[in-house]
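Listed below, chain by chain, are the residues.
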Amino acid sequence: MYSVVGLISTNYATEGLGVLTNERTVASLPFGGRYRLIDFPLSNMVGAGIKTVGLITPYKYRSIIDHIGSGKPWALDRKSGGLYILPGSVFGISSAESRFILRDIERNKAFLERSAADYVVVTAANTVSRIDFADLVEKHSASGADMTLVCRRAAAAEPFMDALDIRDGRVAGVRKGAEKGDAMFLDCFVVNRELMEKILEWYKAINHLDLFEVLAADYDKMDVRPYEFDGYVGPIFTTDQYYDVSMELLKPTVREELFAADRPVLTKSHDRVPVKYVEGARVSNSLIQAGSRISGTVENSIVSSEVVIEAGARVKNCIILQDCHICAGAAVENAIIDRANVIAAGAVIRGAKGDPFIFSKSSGK
Amino acid sequence: MKKKKCIAMLLAGGQGSRLGALTKHIAKPAVSFGGKYRIIDFSLSNCANSHIGTVGVLTQYRPLRLNAYIGTGASWDLDEPDGGVSILPPYATETGGEWYKGTADAVYQNLDYIRMNDPEYVLILSGDHLYRMDYRKMLACHVEHKADLTISVMPVPWEEASRFGIVTEDETGRIVKFSEKPRKPDSNLASMGIYIFSAKPLINALVADAADPDSEHDFGKNIIPKLLADGKRLFGYEFTGYWKDVGTIDSYHETSMELLDPKPGFNLFDAGDRIMSNNVSEPPQYIGKGAKLSESLVSNGCVVLGTVRHSILSTGSYVGKGAVVEDSVLLPGAKVMDGARVVRAIMGENATVSAGGVLGSADPAEAIAVIGDNAVAGGKEAK
């Protein structure tokens with residue numbers, strides 16, 4: 001029986017997310033009305049029996065620390081193992097596109113050294129999926145590989161994802177941008193812990209680089225294999241992708257896979273009241289989170305908690321984040337309304353289809 | 001352990017037989033209420049919001065689900081290192097063991113718990129009432145009166161007074177008479193079953209009561225009359241907020257429907273003291289194309305494809321296409337399949353009304369229809 005620790009990188013690859021990540025990490029981006037992106041990788045880890053998880057949090061970490069706390073909702077408030085907040089290295093040296101900066105891991109080497117784990121599962125937080133890490137580690141362990149990278153056949157071109165070059169069942173390289181049909185790298189892998197420590201030692205001099213940049217010349221020296229995942233994957237690197245992946249939750253098949261009861265997505269709970277629908281409310285094809293009060297019209301939308309939609313207000317094709325108030329007669333269409341905004345009575349906000357209008361987070365909340 | 005000012009003893013052992021099918025498998029305090037809550041949430045939240053951090057929960061009837069729900073008490077911030085929630089079931093000793101024979105006996109059998117915490121005051125609560133109360137105000141009143149016992153009371157309509165324990169006070173608020181369900185009440189102040197005792201007189205009264213072979217070991221029937229007869233200082237604390245007993249099918253249904261009022265007497269959305277509960281990890285509710293919802297409370301994990309009017313849908317319940325739910329309460333996981341009709345009904349946890357089936361009647365002369373947990377109704381095989 002082997003033991004596994006998890007490592008999640010909470011805020012890289014944010015350059016396409018604009019104002020949505022002005023004040024938060026990618027990992028703490030609200031998603032699906034009730035969740036934050038971190039809930040998916042974290043629940044996947046906990047669901048796979050991983051009881052020690054480190055979060056690399058280099059900057060803008062207020063919201064992620066607020067959300068994660070002691071790790072209690074994920075049962076990570078433990079005496080042995082549990083949750084570790086790992087401060088990142090100095091920001092500004094490296095490319096903002098990097099996912100796994102070596103220095104971040106190196107500066108937190110104690111986290112790896114103190115653990116007696118055989119394997120480390122490492123993942124970014126930009127991708128929504130329900131990867132079975134237990135199966136990943138089992139396949140990795142059985143194969144005897146040094147490192148196993150999770151990939152999926154790209155259904156469409158994904159310019160922000162990397163692609164794996166696979167030759168004879170081995171990973172021979174990683175390149176930027178995935179074309180349709182490529183083995184798209186899901187920014188998620190498992191590595192033998194001792195090897196990870198060695199890699200940190202080898203590349204001390206260039207540790208401001210991304211792990212996969214420094215490994216570029218090493219694929220012939222190491223046994224790196226792909227692990228193909230064929231479930232749902234929602235990559236979130238741009239505001240458009242954030243909007244599109246969110247809207248995919250309105251499909252029953254996507255919800256059934258992501259929220260399957262045998263491995264629930266765990267999140268911080270807030271004692272929200274059930275949603276109140278008032279006489280005159282009209283709601284169609286929408287996800288509504290507890291704590292909201294709906295008197296107006298909501299169509300093809302995702303509504304987070306504590307949102308008030310007054311009588312006569314119309315919300316269509318929108319993502320409305322927590323604590324927003326849509327006043328009587330306002331019309332909001334094709335928009336992302338970030339947290340704690342008040343849309344005044346009669347106001348009209350209309351984004352284009354395929355190019356949602358983004359109303360940034362109200363300051364002070 | 002440091003001496004405590006006030007601890008709570010929450011009586012949660014009753015069967016709640018008047019809730020019929022709803023308490024066949026679980027104790028009354030564990031019955032789902034208000035969409036995402038369980039009845040005990042209201043008392044536990046009141047304790048937490050009143051900063052009473054030591055709560056003994058006395059359980060007896062079918063305690064498994066209740067115990068699992070309470071867990072460490074963390075959901076109510078009651079997982080405190082010095083105190084917190086303790087589940088107190090009946091237990092055996094070297095001379096044998098006994099079930100709790102009444103409310104007073106249940107507390108008597110746990111005198112060790114009270115002594116261990118060594119409080120100045122003991123708050124006695126039932127786990128089946130819907131109300132928000134700051135017990136600190138009641139305690140201040142108790143302390144001010146130098147009372148042995150303070151009973152929380154509220155005025156009820158005179159015609160209903162004979163259903164309650166009725167308290168008669170003198171002009172200073174001191175209780176001069178306590179009559180359990182009097183035929184001819186001389187006061188309309190009803191006991192809410194919430195007591196604050198000074199610890200010493202409580203312990204003395206319980207020890208004396210336990211030795212009395214004729215006693216039914218009940219607070220209302222035995223302890224309070226005895227304290228009055230002994231000339232102890234009993235006072236009423238008048239509560240003016242919303243308080244409802246949800247211990248019968250009719251009161252459960254009526255109280256649930258009152259939550260749906262445009263300005264409900266008990267407003268779950270009140271910004272003040274929130275009601276805490278042991279939340280489950282369910283995704284937001286999905287409201288489908290063609291769904292119609294009005295005057296309703298709908299919880300996380302629900303899927304609504306049909307019509308829901310003036311109803312409460314608890315966590316993870318389902319209303320299929322063309323189905324209609326009206327003036328009803330669906331407990332967690334209840335399913336109303338396509339084209340079914342549920343009117344003036346309470347569906348137990350994971351109960352199902354089959355496609356095209358009917359449960360309940362809009363006729364107010366008919367009783368509220370109830371089906372128990374896991375039951376299936378409305379199919380061809382149903383009566």
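Note that the coordinates shown come from a computational prediction; the quantities given were computed from them, not determined experimentally.

Cut-offs used in this document
- Residues numbered from 1 in each chain as written.
- Chains lettered and ligands numbered in written order.
- Predicted model: local features only at pLDDT ≥ 70, side-chain atom pairs only at ≥ 80, totals over all residues.
- Heavy atoms only, no water.
- Helix = DSSP H or I, 4+ residues; strand = E, 2+ residues; numbered from the N terminus.
- Contact = heavy atoms within 4.5 Å.
- Buried area = accessible area lost by both parts, 1.4 Å probe.
- Salt bridge = Lys/Arg side-chain N within 4 Å of Asp/Glu carboxyl O.
- Polar contact = N/O pair within 3.5 Å; in protein donor to acceptor, adjacent residues only side chain to side chain.
- Nonpolar A, V, L, I, M, F, W, Y, C, P; charged D, E, K, R; others polar.
- Pairing = 2+ DSSP bridges.
- Axes fitted to C-alpha atoms, helices over the stretch in contact; angles between N-to-C directions.

Engineer: Looking at this structure, how should I read unusual backbone geometry?
Structural biologist: Excluding glycine, residues mostly carry a negative phi; peptide bonds, for their part, are mostly trans. Residue and element names in this part refer to chain B. Here R62, not a glycine, exhibits a phi torsion of approximately 35°, which is positive. When you line up the elements, R62 lands in the loop between β4 (54-58) and α2 (64-70). Positive phi, close to 45°, is recorded for H310, a residue that is not glycine. Checked against the element boundaries, H310 lands in the loop between β20 (307-309) and β21 (312-313).

Engineer: Teacher, can you tell me more about the interface of chain B and chain A here?
Structural biologist: Think of interface size as the accessible area that goes away when the parts come together; that is how it is often given. Across the contact, 37 residues belong to chain B and 36 residues belong to chain A. When the two sides are added together, the surface that chain B and chain A hide from each other amounts to roughly 2,700 Å², 50% of it contributed by carbon and sulfur. The interface formed by chain B and chain A includes two salt bridges. The partner of D271(A) in a salt bridge is R274(B), and the shortest N-O contact between them spans 3.7 Å. At the junction of chain B with chain A, the criterion picks out 20 residue pairs in polar contact (both at pLDDT 80 or more). Secondary structure elements with two or more residues in the side of chain B that touches chain A: β16 (285-287), β17 (292-294) and β18 (296-298) of chain B. Per-class residue counts for the side of chain B that touches chain A are 18 nonpolar, 12 polar and seven charged.

Engineer: Please explain the sheet that holds strand β21 (residues 314-316) of chain A as it appears in this structure.
Structural biologist: Picture the strands of a sheet paired through backbone hydrogen bonds; they go either parallel or antiparallel. Residues and elements named next belong to chain A. Read across the sheet, five strands follow the order β15-β18-β21-β24-β27 without closing on themselves; strand pairing throughout is parallel. Looking at which strands have only one partner, the edges of the open sheet turn out to be β15 (282-284) and β27 (348-350). Here the average twist between neighbouring strands, direction ignored, is 5°. Where β15 and strand β18 (residues 297-299) come together, three bridges link them in parallel fashion. Looking at the pairing, V283 lines up with V298 of β18.

Engineer: When you look at the sheet that holds strand β29 (residues 358-359) of chain B in this model, what are you seeing that I'm missing?
Structural biologist: Residues and elements named next belong to chain B. Taken in spatial order, the five strands line up as β17-β20-β23-β26-β29 in an open sheet, and their pairing is parallel. Two strands bound the open sheet, and with one partner strand each, they are β17 and β29. As defined by bridge partners, β20 adjoins strand β23 (residues 324-326) across three bridges and the pair is classed as parallel. Note on β23: the bridge partner recorded for V308 is V325.

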